[in-house]
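Breakdown of the fold
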Amino acid sequence: MTAILTRPAWTTDLELEIFDKLLEKHAPHIPKKRCLRRATPTQEPRSPETEEERENFYRFRVAGAAHDLFIVQVCAKIIDSFADPELQLFLSRQIGDDGAHAQNTRLRAQAISGRDPIEDIQKQVQKHWDYMGDLPIRNWQGFLAFELHYELHIVALLFINSRTSKINDPDSAKFAAERILPDEAVHRLGVVDWWQRKFDQVSPAEKEDLIAQVIEADEEGQRRRNPYLRDHWQLSQKAIGIEIDDLPILYDTWRQEVLSYFLDIPISRLPKLVSVND
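Residues numbered from 1 in each chain as written. Predicted model: local features only at pLDDT ≥ 70, side-chain atom pairs only at ≥ 80, totals over all residues. Heavy atoms only, no water.

A few words now on the overall build of the protein chain. Secondary structure summary: the protein chain contains ten helices and zero strands in total. Beginning at the N terminus, the succession of helices and strands in the protein chain can be written as α-α-α-α-α-α-α-α-α-α. Relative to the 2.2 N^0.38 estimate, which gives 19 Å for 278 residues, the radius of gyration of the protein chain is 19 Å and therefore close to what a compact globule would have. Dimensions of the protein chain along its principal axes, counting C-alpha atoms only, are 60 × 40 × 35 Å. Here the protein chain holds 278 residues, and the buried ones make up 51% of them. Contacts in the protein chain between residues far apart in sequence, at least 24 positions, make up 82% of those at least 6 positions apart. Between the mean site of the 36 positive side-chain charges and the mean site of the 46 negative ones, the protein chain shows a separation of 3 Å. (Helix = DSSP H or I, 4+ residues; strand = E, 2+ residues; numbered from the N terminus. Rg over C-alpha atoms; globule rule 2.2 N^0.38 Å. Buried < 20%, exposed > 50% of the residue type's maximum accessible area, 1.4 Å probe, protein only. Contact = heavy atoms within 4.5 Å. Lys, Arg positive; Asp, Glu negative; His and termini not counted. Charge placed at Lys NZ, Arg CZ, Asp CG, Glu CD.)

Turning our eyes to something else, we now look at unusual backbone geometry. We note that Asp 264 has phi near 60 degrees; this positive angle belongs to a residue other than glycine. Note on placement: Asp 264 falls in the segment after helix H10 (247-263).

A separate point is H10. Between the first and last C-alpha of H10 there are 24 Å, a value that for 17 residues agrees with the 24 Å anticipated at 1.5 Å per step. Along H10, 15 of the 17 residues are buried, which leaves the element largely enclosed by surrounding structure. Positioned one or two residues after H10, Asp 264 has a phi angle of 60 degrees, which is positive. (Expected span 1.5 Å × (residues − 1).)

What follows concerns the environment of Tyr 150. Considering the arrangement of structural elements, one finds Tyr 150 in helix H6 (residues 140-152). By relative accessible area, Tyr 150 is classed as buried at 1%. For the pair Tyr 150 and His 67, spaced 83 residues apart in the sequence, the C-alpha separation amounts to 8.0 Å. Contact partners of Tyr 150, with chain neighbours within four places excluded, come to His 67, Phe 70, Ile 71, His 128, Met 132 and Arg 225. There is a polar contact of 3.4 Å between the side chain of Tyr 150 and the side chain of Arg 225. (Polar contact = N/O pair within 3.5 Å; in protein donor to acceptor, adjacent residues only side chain to side chain.)

All right, on to the packing of aromatic side chains then. Applying the stated criterion across every chain yields a total of 20 aromatic pairs. With a centroid separation of 6.4 Å and an interplanar angle of 70 degrees, the aromatic rings of Phe 19 and Trp 254 are classed as edge-to-face. Placement of the pair is Phe 19 in helix H1 (residues 12-26) and Trp 254 in helix H10, with a sequence separation of 235 residues. Look at Phe 19 and you get buried, because its relative accessible area is 0%. For Trp 254, a relative accessible area of 0% translates into the label buried. Measuring from centroid to centroid gives 4.8 Å for Phe 70 and Trp 129, while their planes differ by 80 degrees, and the two rings are edge-to-face. Of this pair, Phe 70 sits in helix H2 (residues 51-78) while Trp 129 sits in helix H4 (residues 118-132), placing them 59 residues apart in sequence. For the pair Phe 70 and Trp 129, a shared accessibility class is recorded, and that class is buried. (Phe/Tyr/Trp six-rings, centres within 6.5 Å; stacked < 30°, edge-to-face > 60°.)

All right, on to helix H3 (residues 85-113) then. If you check H3, its first and last C-alpha atoms are 42 Å apart, about what 29 residues at 1.5 Å a residue would give, namely 42 Å. Its side-chain oxygen placed 3.1 Å from the backbone nitrogen of Glu 86, Asp 84 serves as the N-cap of H3.

With that settled, consider the pattern of salt bridges. In this structure the tally under the stated criterion is 23 salt bridges. For the salt bridge of Arg 54 with Glu 51, the shortest nitrogen-to-oxygen distance reads 3.4 Å. Of this pair, Arg 54 and Glu 51 are both found in helix H2, three residues apart, which corresponds to roughly one turn of the helix. Overall, Arg 54 belongs to the partly exposed group, its relative accessible area being 29%. A salt bridge links Glu 219 to Arg 255; the shortest N-O distance between them is 2.7 Å. Remark: Arg 255 occurs in helix H10 and Glu 219 occurs in helix H9 (residues 204-240); sequence separation between them is 36 residues. Per residue, the accessibility class of Glu 219 equals that of Arg 255, and both read buried. Three or more residues joined by partner-sharing salt bridges are found here, namely Asp 84, Glu 86, Asp 193 and Arg 197. (Salt bridge = Lys/Arg side-chain N within 4 Å of Asp/Glu carboxyl O.)

Written as structure tokens, this is what we have:
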């Protein structure tokens, strides 16, 4: 499984190019972008209106805050185990950013529901720990798999959310556009930079070993994440109205693209990977 590709820089433009290629192949009916000029205002995402919609949206927001708080907890537990000041500085930013994201989401959920969701958030965080076990903090391979699953493999879902959602909270959307989206792009680029610094410094023989280690950890992460992902997609459909029929194939093929890029090998040379449907 020798590395044979020359990787372009990983950028948000490259992410968009890759995802649109996958849409063209697997789900051409999904728009390549949300049209800015709609025929009627109702085609833009609207606020939750009924009690049921507000409750579903509250649960969706709690899930988002829990995702970010889990990242904070994992990074805080492992940051001092790396003798790499560049990585430590990156993780310190990731902790601060995702802590701010979780807190903003908590406050928006509270504004919508009238109750502080902090206990509900922590219950959901515990579910992430239950699913993932010690993988994120076991060793650098497990931590890289964690970063891939919580930062890069979920990008397909983020694109689907942005293009097909029907319900949103205006204040949440504003914070996401101004803060979360640029922060998360920095996080993804930081993960790429850490890995490439590590990967590019070793011999071809050592690269073969690293590739096998990363795939093994990433596959374990996928098996552990599958029940959560399927439940979360159902919640997302209920809460914000996204289209999820094509998400499994888009998720699986997006993950293949990410691993192909990271490991510098063509997709055809990847082993058969665990599917989100497995």
